[in-house]
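Below, each chain spelled out in residue letters.
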Amino acid sequence: ESRDRYADLYDFAPVGYLTLDENGRILEANLTAAALLGCERANLIGKSFVSWLAPGESAGFLNHLRQAFHYSANATAELKIGANGEMREVRLESAAIWKSAPPRICHTVVSDITEQKCIAGSLAQFRSEQEALLNTIPAAVYFMDMELRYIAMNQFCADLMRRPVAEMLGKTSFDLFPPEIAGEFQLSDRAVLQSGKAMTIMEQHIEDAQGNQHWVSISK
C-alpha cells in the first residue's frame, strides 16, 4: 500500500520527474514528464534527453548536467523543448545522487514555465512601450509610491531637474529640494493620496540641482 501511494504521488505530481545518467540518458520518468515530452513513458527509457531539446539547446543542457554531477548544490537551467511540434520552455532542477553506484545518476525536476515566460515577455513589452511613451511626452512625468518616494520618471523630468534619473529614484522631495519647496510638494501629495482625487496646481516653484528657479503647473 505504501508503494502504491508513492507510485501515485510520483506519477501524477504536477511536475515532471526524470532520473538521468551522466550522459543525459533517461533511466526513469513519471507520467507528467512523459506528457511534457509528448511521448509514451516506455519510449523515453534509454533515450537521451537531448533528443527532445530545441535546436541550439543541447550545449546548455550538457553544461547543466556537468554542474549537477560536479557540485553538491542543485543545478538549474531554463531550456526549450519540442514536443508534438509545439515548442515549450521548461525549468530543470537537478541533483546528483552521490551514494549511487557507478554509473552515477541524478534526479531532475522538469517544470513547464511556458505560460510564465509569455506573461513575463508581455509585461516587459508593456513596460518598454510605456517607457517609450513617457519619454515622448513634452512634460515632466513621475510616479511616487505610498511613502512619497520617486519610483519612475521620464527623461524630460530628469532634464528639468538637471539630475540623472538614477540619482532621484528612491528619494523623497526632501532629499532633492530645499525644505520649504519639499514641504509644499508633500502637502499636496498627501492631500491627493488621502482624497483619492486629482489635483491641479496652476503655479508652483521648484529648484533644480543648480539652484535655478522654475515656475510650473502640476497635475497630481
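Residues numbered from 1 in each chain as written. Predicted model: local features only at pLDDT ≥ 70, side-chain atom pairs only at ≥ 80, totals over all residues. Heavy atoms only, no water.

Participant: I tried to follow the side chain of T172 on my own but got confused; where do I start?
Facilitator: Its location among the elements puts T172 in the loop between α7 (165-168) and α8 (173-176). Owing to a relative accessible area of 18%, T172 belongs among the buried residues under this scheme. Once you skip the residues sitting within four places of it in the chain, T172 turns out to touch E147, L148, R149, Y150 and Q186. (Helix = DSSP H or I, 4+ residues; strand = E, 2+ residues; numbered from the N terminus. Buried < 20%, exposed > 50% of the residue type's maximum accessible area, 1.4 Å probe, protein only. Contact = heavy atoms within 4.5 Å.)

Participant: What should I look at first to understand the pattern of salt bridges in this one?
Facilitator: Oppositely charged side chains can pair when the atoms bearing their charge come close. For the structure on display, the rule yields 13 salt bridges. Across the pair R25 and D21 runs a salt bridge, and its minimum N-O distance is 3.0 Å. On the accessibility criterion, R25 (37% relative accessible area) is partly exposed. R88 is the salt-bridge partner of D112, the closest N and O atoms lying 2.7 Å from each other. A residue pair is termed long-range when its members are at least 10 positions apart, and D112 in strand β5 (residues 105-112) and R88 in strand β4 (residues 86-97) qualify at 24 residues. Looking at D112, the relative accessible area reads 29%, which means it is partly exposed. A single salt-bridge network, built from bridges that share partners, covers E86, R88 and D112. (Salt bridge = Lys/Arg side-chain N within 4 Å of Asp/Glu carboxyl O.)

Participant: Is there a simple way to think about the sheet that holds β4 in this case?
Facilitator: Whenever strands of a sheet pair, they do so through backbone hydrogen bonds, lying parallel or antiparallel. In spatial order, the strands read β2-β1-β5-β4-β3; together these five strands make up an open sheet with antiparallel pairing. Whereas interior strands pair on both sides, the edge strands pair on one side only; in this sheet they are β2 (26-29) and β3 (75-83). Looking at each pair of strands side by side, their axes are set apart by 30° on average, direction ignored. Across eight bridges, β4 lies against β5 in antiparallel orientation. Along β5, the bridge assignment pairs I97 with I105. Lying over the sheet, helix α5 (residues 114-134) contacts β3, β4 and β5, oriented at roughly 120° with respect to β4. (Pairing = 2+ DSSP bridges. Axes fitted to C-alpha atoms, helices over the stretch in contact; angles between N-to-C directions.)

Participant: Could you clarify how one ought to interpret the environment of F185 in this entry?
Facilitator: Here F185 shows up in helix α9 (residues 179-195). It is 54 Å that separates the C-alpha atoms of F185 and E86, two residues lying 99 residues apart in sequence. Leave out the neighbours within four places in its chain, and F185 touches Y142, Y150, S173, Q204, I206, I218 and K220.

Participant: When you look at the pairing of β2 in this model, what are you seeing that I'm missing?
Facilitator: Every other side chain in a regular strand lies on the same face of the sheet, so the side chains alternate between the two faces. Sheet analysis places strand β1 (residues 16-21) next to β2, joined by three bridges and oriented antiparallel. When the bridges of β2 are listed, T19 appears paired with E28. If you look at the hairpin formed by β1 and β2, you'll find four residues sitting between the two strands, and G24 has a positive phi there, around 85°.

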